[in-house]
Structures are given as C-alpha cells and as structure tokens.
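Topology and contacts: notes
Listed here are the chains, written in short residue letters.
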Amino acid sequence: MQFLQNFSPQLLVDSPGRINIIGEHTDYNLGYVLPTAIDKKIQFKFQKNGSAGICNIYSQSYDRGFTADLQLLNPSTIEWENYILGVLDQIVQRTDKLKGFDCVIESKLPMGSGVSSSAALECGLAMGLNALFELGLSKETIVTLSRDAEHNFVGTKCGIMDQYASVMSKKGHVILLDCKTLIPNYIPITIAPYKLLMLNSNVSHNLASSAYNTRREECEKGVQILKQMYPQINSLRDVSLEMIDQSKNSLGDIIYRRCSYVVKENARVLAAAAALAHNDLNRLGILLYESHQGIQYDYEVSCPETDFLVHFSKTYDSILGSRQMGGGFGGCAITLIHEEAIPDYVNDVAKAYQKKFNITLSPFEALPDEGTKVTVIK
Ligand code: GLA
C-alpha cells in the first residue's frame, strides 16, 4: 500500500490475546468467567493521514491491506476486515472526532486457536484510535463497542469476556468477572511449580458458523420456558439446578442439558476462584476436567481433536486438569501441568496427536499479563 513508503507512526498499541481458566459460554448468560490477558499480542502502529475519513489498514501477517471510508462503512466479504470495519462503524456512531488514519498490524497471536485474536484486533484498534484522536471513550465503552462490532459486522453474538480481558487485565492476575454487573475481582495467580500449558489443536471449526449463535439461542429459549414457572428470572444466572430439574419435561433434552451445563459451569467458576485463592491446585484441576465433561457432553461444543488432547492427559500424575478453552470446536486445551513434566509430556502428546489426526500440535506457555498498552511516540 502506498502509505507504507512514508510511514512514520505516532502511536503504538500492544493488544493481548486472552486465556480463560474456566467459565465457557457463561458470559452471555450473565454468569461468571475467569480470564486474563496473556503475553502474546497483536501490535498496531498508527499515524493520522490528514484526510477526512480515508483509513488505510495493512496486515503484515496476511501481507494484505484495504482502504475504508468512514462515510461508507459496510460489512466486507473478507472476514478479518469486518473486525476492523465493525469497530470503525461503532466509533462513528458515537463521535465525529474520528478522521482518516493509516495503520499497520502485526499479529503474534495464533488465529482461531481460542486465545481470542478477534477481541485483540477489535480492542487494539479502538484503543489506538481513541488515543490518536482523543475521542474520550472510556475503557468500558471500548470493551462494549468492540463486542457490538463483532455482533453487527462479523455476526458472532459473542459475550463480553474476551474484550474485557484484553483491555482490563492486570499482570499476574486473573479476573473473576461477574458478567451481570461487570464488576471485576482481580485474583493473583501464583501456581508454581505448575504452569498453564496451551495445546493448540490447530483446528478451528469456524466459530462464526451457526453453532455458537445456536447455543446462545438455546439458552435464551431455556430462559423463556423457565420464566413461565419462575417469572422472576431474567437469565440463566438467576436459575438453580432445582428449577431446571423441575422444568425438565418442558425444556426437552437438548435445552435441559444446555441450561444445566451453564448453571454448573457458573458454580465451577466460583469454586475455581476460591481454589486459586487458597492455592488448592488439585481442586482446580478437578474442576477443569469437570468443565470439559460438560463442554463435551452437555453443551456439545468440543470436537474429536480437543477431546483427545484433554483425555490423553488423564493418565499423567504431573497433570492436574485440562479442558478445551474458548468458544469451541477446536482451539486450545488449557492444561495445568507440573513445570518439570512439560518437555516429556509435550513430546508424548504431540506424537500421539500426529499419529491419530495427522496434525501437528502447537504447544505454548501462556503467562498472565496486563491488558492493552498504548504508547505515544514522541
Ligand atoms: C468466545 C466468545 C466469548 C465466550 C467464549 C465462550 O470466545 O467471544 O464471549 O462466549 O467464546 O466462553
């Protein structure tokens, strides 16, 4: 792209991916999650270009770019462009201070691996433009507008977890986030000599495909049905297992399993936060395995590859727990493992995975890190 020849950035943004210790598909049900940003990031470089609304965006990772006009923002047929366009659209709905800019993006985050490169892309862009043009948007607004961008331009009706973790995390902590009130509780994570090992399955059965949105609809349907007997409830957050059991017949098998998974997963998040606070890593590990059980059989968002990775770890004493992380149908297995066992285990599991699926596993360690960092270049 033309602008690259004279590019002299005024602002840098480091926008992190996230992990989630536990609490999947609880966020849009207004429950609890336990995520944190990690040390793997997308970097953005920005300069103003003096135009009224011409925005040039170049991705080094794809070696591709595109130009958008703030006066003419519509969804694209190219998926990654929609994360950008959606954020621009959300910003122009809120302020007329945004003007033309040039931006170079470089990602160190594996796409589609369940560490939420999408939220890192949305929030990094929004945080950068907010600083560059002094838009005056609060971090909370940036988190919600980035989520709304994904709803409207990408079409995934995601919850708030990924954007919140990417922007709001503190180094060395996980966030126990109440997705109903958006009140965070930062919990220090000190798990040595254990570590959080990510086993990237390198499969991603597309999240934007209907399955994610279908799960959300099934939960909403469940709430509607439960409301007939319990008018006081507004989301699965307000529901107990007893209520679900009482309504088993009217819910039907699928919605019954979806709802009970969510209610149990919420309880597991609270139990995991307590276990972390008391350094009870055995308990935490058991909760991870239980979570995967629910993900596999009740919420049905796992896949043979991640099921294999989670179940493979069960015979190793050095591993306390494991589960598929993120929206589902691929991505990473987050595995709580003794640090001394990592090299041998990685070797064993990668070999077995290759043999079974003919896919190369990508293991990496994820360190809890701070949220989005904006640096002004003097
Ligand atoms: C995706 C969504 C999140 C959350 C997870 C599942 O990452 O973006 O909002 O729902 O899936 O926990």
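As a reminder, the structure under discussion sits directly above these lines.
Since we're looking at a predicted model, the values are computed, not measured.

On to the side chain of serine 322, then. By the secondary structure assignment, serine 322 is in strand β10 (residues 319-324). Looking at serine 322, the relative accessible area reads 0%, which means it is buried. Polar contacts involving the side chain of serine 322 include one to the main-chain carbonyl oxygen of isoleucine 334, which spans 3.4 Å. Contacts of serine 322, omitting those with residues within four sequence positions, involve Leu288, Tyr289, His292, Val310, Ser313, Ala333, Ile334 and Thr335.

Below, the discussion takes up the environment of histidine 205. Of note, histidine 205 is situated in the loop between β9 (194-204) and α5 (210-229). Histidine 205 gets classed as partly exposed once you look at its relative accessible area, which sits at 40%. Sequence separation between histidine 205 and serine 302 is 97 residues; the distance between their C-alpha atoms is 9.8 Å. Not counting chain neighbours up to four residues away, the residues in contact with histidine 205 comprise Cys303, Glu305, Gly328, Phe329 and Gly330.

Here we come to the packing of aromatic side chains. Applying the stated criterion to the full structure yields 14 aromatic pairs. Here the aromatic rings of phenylalanine 3 and phenylalanine 7 are separated by 5.3 Å at their centres, their planes lie at 75°, and the arrangement is edge-to-face. When the ring of tyrosine 28 is compared with that of tyrosine 212, the centres are 5.5 Å apart and the planes differ by 65°; the resulting orientation is edge-to-face. Residue tyrosine 28 is found in the loop between β1 (11-20) and β2 (32-33), and its partner tyrosine 212 is found in helix α5; the two are separated by 184 residues along the sequence. Take tyrosine 28: its relative accessible area is 9%, and that puts it in the buried class. The lysine or arginine in question, lysine 170, covers the ring of tyrosine 186, its NZ or CZ lying 4.2 Å from the ring centre.

Turning next to the site of the ligand. Taken together, 13 residues are adjacent to the ligand, and Glu24, His25, Asp27, Asp162 and Tyr212 come closest. In the environment of the ligand, an oxygen atom lies 2.7 Å from a nitrogen or oxygen atom belonging to the backbone of histidine 25. One of the backbone N or O atoms of glycine 327 is found 3.3 Å from an oxygen atom in the ligand. For the ligand, the accessible surface in isolation is 310 Å², of which the surrounding protein chains cover 97%. For the shell around the ligand, the residue count by class is 4 nonpolar, 5 polar and 4 charged.

Among the 10 residues in β1, 9 count as buried, and that is most of the element. Here 4 bridges tie β1 to strand β14 (residues 373-376), and the two strands are oriented antiparallel to one another. Within β14, the position partnered with leucine 12 by the bridge is threonine 375.

It is worth spelling out the sheet that holds β2 at this point. Here 3 strands make up an open sheet; going across it, the order is β2-β7-β8 and the pairing antiparallel. The sheet is open, and its two borders are formed by β2 and β8 (183-188), each paired with just one other strand. The strands touched by helix α4 (residues 161-168) are β2, β7 (173-178) and β8; relative to β7, the strand with the most contacts, the crossing angle is about 140°.

Let us look at the packing of α5 against helix α7 (residues 248-277). The angle between the axes and the distance between the axes are what describe a pair of packed helices. Orientation of α5 relative to α7, taken along the N-to-C sense of each, is 105°, at an axis distance of 9 Å. The orientation of α5 relative to α7 falls into the category roughly perpendicular. In this structure, α5 contributes Arg215, Glu218, Cys219, Lys221, Gly222, Ile225 and Leu226 to the contact, and α7 contributes Ser250, Leu251, Ile254, Ile255, Arg258, Cys259 and Val262. Here the contact of α5 with α7 is built from residues that sort into 8 nonpolar, 2 polar and 4 charged.

With that out of the way, let us pick up the pattern of salt bridges. For the structure shown, the criterion picks out 18 salt bridges. Linking aspartate 178 and arginine 237 is a salt bridge whose minimum nitrogen-to-oxygen distance equals 2.8 Å. Here the residue aspartate 178 occupies a position in strand β7, and arginine 237 occupies one in the loop between α5 and α6 (241-246), the gap between them amounting to 59 residues. The class for aspartate 178 is buried, based on a relative accessible area of 12%. Residue arginine 237 is classed as partly exposed on the basis of its relative accessible area of 22%. The salt bridge involving glutamate 220 is made with arginine 216; its shortest N-O contact spans 3.5 Å. With glutamate 220 and arginine 216 both in helix α5 and 4 residues apart, this pair spans about one turn of that helix. A relative accessible area of 42% places glutamate 220 in the partly exposed class. Accessibility expressed as a relative area gives 18% for arginine 216, which makes it buried. Among the charged side chains, a salt-bridge network with shared partners connects Arg215, Glu218, Asp253, Arg257, Arg258 and Glu300.

Conventions used here
Residues numbered from 1 in each chain as written. Predicted model: local features only at pLDDT ≥ 70, side-chain atom pairs only at ≥ 80, totals over all residues. Heavy atoms only, no water. Helix = DSSP H or I, 4+ residues; strand = E, 2+ residues; numbered from the N terminus. Buried < 20%, exposed > 50% of the residue type's maximum accessible area, 1.4 Å probe, protein only. Polar contact = N/O pair within 3.5 Å; in protein donor to acceptor, adjacent residues only side chain to side chain. Contact = heavy atoms within 4.5 Å. Phe/Tyr/Trp six-rings, centres within 6.5 Å; stacked < 30°, edge-to-face > 60°. Lys NZ or Arg CZ within 6 Å of the ring centre and 35° of its normal. Near = heavy atom within 4 Å. Areas by Shrake-Rupley, 256 points an atom, 1.4 Å probe, with all protein chains shown as cover. Nonpolar A, V, L, I, M, F, W, Y, C, P; charged D, E, K, R; others polar. Pairing = 2+ DSSP bridges. Axes fitted to C-alpha atoms, helices over the stretch in contact; angles between N-to-C directions. Parallel < 35°, antiparallel > 145°, perpendicular 65-115°, else oblique. Salt bridge = Lys/Arg side-chain N within 4 Å of Asp/Glu carboxyl O.

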